[in-house]
Amino acid sequence: MDLLGNFGRGMVLNNNYETWKINKYFLLQSISTPGFNEEAIKRSNELFEELDDHWNSLKNSHSCNDNWLEMDFLQWINRFMTDNISIVITGEKGCSMTAYYNTFNSDKSESSLFDDSKSYNSDKFTPAVMMYVRGLMFLNIVHPFLRRYVPYFKKKTNNLLENGDYIIKTLNNMIERRKLEFANSPQKLKSKHDLLSILITANNSAKSNKTESLTDEDIRALLFDVFLAGSDTSSNTLFYIIYYICRNPHIKQKMFDEIDSVFPDNSSNSLCITADHLAKLKYCEAIIKETSRMMPVVPVSKRVASAKCEVAGYTWPAKTVFHLNYACIHMNEKYWDNPTIFDPDRFYLQNNLGEFNDDLNNSNNENKKSIHDKDKYSLVIFGGGIRLCPGRKLAMTSMLSFMALMFKKYDVKLVDMGAPLKVHTGFLTNCLGLRIKIKPRKPSL
Ligand code: HEM
C-alpha cells in the first residue's frame with residue numbers, strides 16, 4: 001500500500017511522532033521565512049497576469065455579449081492553484097494554465113515545450129498526486145488476492161504502481177537537479193526562495209552543524225505533502241467564495257469597496273500586491289472564514305487515542321479512532337447564531353481574526369485565540385491541536401492575493417443563479433463545476 005515509501009516520512013502519512021516532529025520542524029522553518037512568503041505573493045501576481053492574458057485572448061477570439069466572458073471557473077482556478085503551488089514548491093514554472101488555454105486553440109504548439117523527460121510538467125504531475133490519493137483508498141479496500149489475480153483489479157493496481165513510480169522519479173529528479181545546481185553555484189541557490197531550495201539549504205546547514213537532518217526521502221515526502229495538501233484545498237475554497245458572494249450581492253459590493261480602498265485606482269492595469277496590502281484585507285479574510293465555515297473543504301478528520309482517555313463522559317481505550325466532523329461543528333447552533341446564513345460580518349465586526357497569525361512554531365497552538373467567546377475549536381477550517389495545518393498562512397496568502405487581483409479587476413456573476421452547488425465529498429469536499437461570467441469592473445481595464 002505504501003507506493004511512495006512515504007509512510008513514516010513527511011507529515012501527512014507519518015504516524016511516527018519522532019520523525020514527524022523533525023519533518024514538521026523543517027517544513028515550518030522553510031515556509032515561515034519572510035523570503036518564502038514574499039516569493040509566494042510575487043508569484044501570485046505573475047500568475048494572475050498570465051491568467052488574465054489568457055482570459056483577454058479568449059475574450060478577443062470569442063464574441064462576448066455585453067463584454068461578459070463565460071467560463072468554467074473550476075478548470076481555471078484548479079490550474080491557477082496547481083501552477084501556483086508548483087512554482088512555490090519548485091521555483092519552476094508550471095504549465096497547467098497554458099495547457100488548458102491551448103485546448104481552446106487550434107495551434108497547440110506551446111504544449112510541445114514541455115518535455116516530460118527533461119522538465120517537470122505540472123499539468124501531468126498534480127493529477128498524478130490526486131490519483132495516488134484515490135489509489136490509497138482503493139488499495140486499502142480491495143483485498144490483495146483480487147489485486148494480484150483478478151484482471152480488472154490487477155490492471156488498476158498496476159496503473160497505480162506506474163503512477164507511483166512516475167511521482168517518485170519526478171520528485172527524485174527535481175531534488176537531484178537542485179542539489180547539483182547547489183553544488184555548482186551555492187551562492188545562487190541561497191537567493192532562491194522556493195520550498196525545495198530552502199529545504200536543501202536548511203538541511204545542509206543542519207548536517208554541517210551535526211544537528212538532526214532530513215534524508216532525500218524525507219525531502220521527497222515533504223514536497224509530496226505540499227503538492228497534495230496545498231492546491232485543491234485552496235482552489236475549492238475559492239470556488240465556494242465565488243458561489244457565496246454571487247448569491248449575496250451586498251457582500252460582494254462590500255468586498256469590492258474594501259479592495260478599492262486598499263488599492264485606489266491608478267493608471268496602471270496591473271496590481272502589485274504586497275504582504276502589507278494583504279494584512280489590510282480584513283473583510284476578504286472574513287469572507288474566506290465564513291465560506292470555509294459554511295463549506296469546509298476538509299469536512300472530517302481523525303485522531304487515534306494514544307492512551308486511555310475520557311471523552312464526552314465516557315472512557316475510551318487506547319487506539320480508539322475518533323472521527324471529527326468539522327462540517328457539523330461549523331453548523332452547531334451552540335456556537336453559531338443562524339448557522340445556515342452566510343454572514344462574513346460574524347468575523348469582521350468582532351474584529352477577531354487573529355487565528356491565522358498565531359505562532360506557527362507552536363504545534364499545540366494553545367495560544368490560538370477564540371473566534372468568539374464560546375469555544376476556540378468551533379472554527380476548525382485548518383483542523384486543530386498538534387496536527388493543525390502547517391500551510392494555513394500560505395493558504396491565506398494565496399487566497400487573499402487571488403481575491404484582490406481578481407476582484408480589483410473583474411465583476412463576477414453565476415451563469416445560473418438558481419443552480420444548486422454541485423459537490424462531491426471524499427477526503428475533500430470538491431466542487432464539481434461552476435460556470436461563471438466575468439467582466440472588467442471599469443471599462444478602461
Ligand atoms: C484552504 C487551504 C487549506 C485548508 C482548508 C487546509 C486544511 C487542512 C486540514 C483541516 C488539515 C488536517 C488537520 C487536522 O487533522 O486537524 C490539514 C493538514 C495539512 N495541511 Fe492543510 N489546508 C490548506 C492548505 C494547505 C497548504 C497550502 C499546505 C502547504 C504547506 C498545507 C499543508 C498541510 C499538511 C502538510 C498537513 C498535514 C499535517 C499533519 O499531518 O501533521 N495545507 N490541512
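Not measured: the values here are computed from a predicted model. (Residues numbered from 1 in each chain as written. Predicted model: local features only at pLDDT ≥ 70, side-chain atom pairs only at ≥ 80, totals over all residues. Heavy atoms only, no water.)

**Considering the overall build of the chain**
Going by this rule: Comment: elements are numbered from the N terminus, with helices defined as DSSP H or I runs of at least four residues and strands as E runs of at least two. Only protein chains enter the accessibility calculation, which uses a 1.4 Å probe. A residue is then buried if its area is under 20% of the maximum for its type, exposed if over 50%, and partly exposed in between. Whether two residues are in contact is decided by their heavy atoms, any of which lying within 4.5 Å being enough. Residue burial considers only the protein chains on display, and all accessible areas are found by Shrake-Rupley using a 1.4 Å probe.
Tallying secondary structure elements over the chain gives 17 helices and 9 strands in all. Here the chain holds 445 residues, and the buried ones make up 50% of them. A fraction of 72% describes how many contacts in the chain between residues 6 or more apart in sequence connect residues 24 or more apart. Entry remark: accessible area of the chain is about 21,600 Å², with carbon and sulfur atoms responsible for 53%.

**Observations concerning the site of the ligand**
What counts is decided by this rule: Whether a residue is near a molecule or strand depends on its heavy atoms: it is near if one of them lies within 4 Å of it. We call two N or O atoms a polar contact when they sit within 3.5 Å, provided that within protein one can donate a hydrogen and the other can accept it, with sequence-adjacent residues counted only if both atoms are side-chain atoms. We call Asp, Glu, Lys and Arg charged. Ala, Val, Leu, Ile, Met, Phe, Trp, Tyr, Cys and Pro are nonpolar, and the rest, Gly among them, are polar.
Not every one of the 25 residues close to the ligand is listed here, only the nearest: Trp-20, Ser-301, Arg-303, Tyr-326 and Cys-389. Within the side chain of Arg-303, an N or O atom sits 2.6 Å from an oxygen atom of the ligand. One nitrogen or oxygen atom from the side chain of Arg-387 is found 2.9 Å from an oxygen atom belonging to the ligand. Residue composition of the shell around the ligand, by class: 15 nonpolar, 8 polar and 2 charged.

**Focus: the coordination of the iron atom of the ligand**
Put simply, a metal with four donors set out as a tetrahedron has ideal angles of 109.5 degrees, and one with six donors set out as an octahedron has ideal angles of 90 or 180 degrees. Heads up, the rule is: With water omitted from the atoms examined, metal sites may look incomplete; donors here are N, O and S atoms no farther than 2.8 Å from the metal, or 3.2 Å in the case of Na, K and Ca.
Donation to the iron atom of the ligand from the protein comes from one atom only, Cys-389 (SG), at 2.3 Å. Considering the arrangement of structural elements, one finds Cys-389 in the loop between α16 (345-348) and α17 (392-409).

**Regarding the sheet that holds strand β6 (residues 410-414)**
Put simply, the test is: Strand pairing is defined by DSSP finding a minimum of two bridges between the two strands. Between N-to-C directions, angles cover 0 to 180 degrees, with each direction set by a line fitted to C-alpha atoms, over the stretch in contact for helices.
As summarised here, the arrangement of the 3 strands in space is β1-β9-β6, forming an open sheet in which the pairing is antiparallel. Either end of the sheet is taken by a strand with one partner, and the two such strands are β1 (69-72) and β6. This sheet shows a mean twist of 30 degrees between the axes of neighbouring strands, independent of strand direction. Bridging between β6 and strand β9 (residues 435-440) involves 5 bridges; their strand directions are antiparallel. Bridging across to β9, Val-412 finds its partner in Ile-438. Its contacts with the sheet put helix α3 (residues 73-90) on β1 and β9, and the angle it makes with β1 is roughly 70 degrees.

**Quick notes on the environment of Ile-381**
Relative to the helices and strands, Ile-381 resides in the loop between α16 and α17. As for Ile-381 and Arg-392, which are separated by 11 residues in sequence, their C-alpha atoms are 9.2 Å apart.

**Some words on the confidence of the model for the chain**
Worth spelling out the cut-off: On a range of 0 to 100, pLDDT expresses the predictor's confidence in each residue.
Taken as a whole, the chain shows an average pLDDT of 87; of its residues, 89% reach a score of 70 or greater. Under a pLDDT of 50 for its full length, residues 110-114 has, in the predicted model, 5 contacts with residues more than four places off or in other chains. When the criterion is pLDDT under 50, residues 353-368 qualifies, and its contacts beyond four places in sequence or with other chains add up to 41 contacts.

**Focus: the packing of α3 against helix α5 (residues 122-141)**
To be explicit about the condition: Angles below 35 degrees are treated as roughly parallel, those above 145 as roughly antiparallel, those between 65 and 115 as roughly perpendicular, and all remaining angles as oblique.
Packing of α3 against α5 leaves a shortest axis separation of 10 Å and a crossing angle of 95 degrees. One way to sum up the angle between α3 and α5 is to call them roughly perpendicular. Only Ser-122, Asp-123 and Thr-126 of α5 make contact with α3, whose side of the interface consists of Arg-79, Thr-82, Asp-83 and Ser-86. For the contact of α3 with α5, the residue count by class is no nonpolar, 4 polar and 3 charged.

**Considering the pattern of salt bridges**
Cut-off, in case you're wondering: Here a salt bridge means any side-chain nitrogen of Lys or Arg lying within 4 Å of a carboxyl oxygen belonging to Asp or Glu.
Under the definition given, this model contains 19 salt bridges. Taking the shortest distance from any N to any O, the salt bridge between Asp-194 and Arg-178 comes out at 2.8 Å. Placement of the pair is Asp-194 in the loop between α8 (186-190) and α9 (195-208) and Arg-178 in helix α7 (residues 151-184), with a sequence separation of 16 residues. Here the salt bridges share partners, and the residues they tie into one network are Glu-92, Arg-177, Arg-178, Glu-181, Lys-192 and Asp-194.

**Regarding the packing of helix α2 (residues 34-61) against α17**
Quick note on the threshold: Each crossing gets its hand from how the near helix is turned against the far one by less than a right angle, where anticlockwise is left-handed and clockwise is right-handed.
Closest axis-to-axis distance for the α2/α17 pair is 10 Å, and the angle between their directions is 35 degrees. Here α2 and α17 pass one another in a crossing that is right-handed. Residues Phe-36, Asn-37, Ala-40, Ile-41, Ser-44, Asn-45, Phe-48, Leu-51, Asp-52, Trp-55 and Asn-56 of α2 pack against Lys-393, Leu-394, Thr-397, Ser-398, Ser-401, Phe-402, Leu-405, Met-406 and Lys-409 of α17. Looking at the contact of α2 with α17 residue by residue, the classes come out as 10 nonpolar, 7 polar and 3 charged.

**Observations concerning the nonpolar core**
In plain terms, the rule: Throughout, nonpolar core names a set of buried Ala, Val, Leu, Ile, Met, Phe, Trp, Tyr and Cys residues whose side chains join them through atoms within 4.5 Å.
Core analysis: the largest hydrophobic core is formed by 118 residues, its most contacted members being Trp-55, Leu-223, Met-255 and Phe-407. Look past the residues within four positions of Phe-407 in its chain and what remains in contact with it is Ile-242, Ile-245, Met-255, Phe-256, Ile-259, Val-412 and Arg-441.

**What about the UniProt feature "binding site: heme" (unreviewed entry) in the chain?**
Convention followed: UniProt positions are given in the numbering used here, feature names are shortened, and annotations may be inferred rather than shown by experiment.
The positions UniProt marks with the feature "binding site: heme" (unreviewed entry) are Cys-389. Cys-389 gets classed as partly exposed once you look at its relative accessible area, which sits at 26%.

**Structural notes on helix α11 (residues 232-247)**
To keep things clear, this is the line we draw: Each residue after the first adds 1.5 Å to the expected span of a helix.
Between its first and last C-alpha atoms α11 spans 23 Å; for 16 residues at 1.5 Å apiece the expected length is 22 Å, and the two agree. In terms of residue burial, α11 counts as a mostly covered element, since 15 of its 16 residues are buried.

**Considerations on the packing of aromatic side chains**
This is how the line gets drawn: Note on aromatic pairs: the rings of Phe, Tyr and Trp (six-membered ring only in Trp) are paired at centre separations within 6.5 Å, and the planes decide the class, stacked below 30 degrees, edge-to-face beyond 60, tilted for the rest. Placement of a charge over a ring requires the Lys NZ or Arg CZ to be within 6 Å of the ring centre, with the centre-to-atom vector within 35 degrees of the ring normal.
All told, the structure shown has 26 aromatic pairs when counted by the stated rule. On the numbers, 4.8 Å between centres and 70 degrees between planes, the contact of Phe-125 with Phe-227 is edge-to-face. Of this pair, Phe-125 sits in helix α5 while Phe-227 sits in helix α10 (residues 216-230); the two residues are 102 residues apart in sequence, bridging distant segments of the chain. Grouping residues by exposure puts Phe-125 and Phe-227 together as buried. Grouping aromatic residues by their ring pairs yields a cluster made of Phe-48, Trp-55, Phe-73, Trp-76, Phe-80, Tyr-100, Phe-104, Phe-239, Tyr-240, Phe-402 and Tyr-410. Above the face of the Phe-256 ring, Arg-441 is positioned so that its terminal group lies 4.0 Å from the ring centre.

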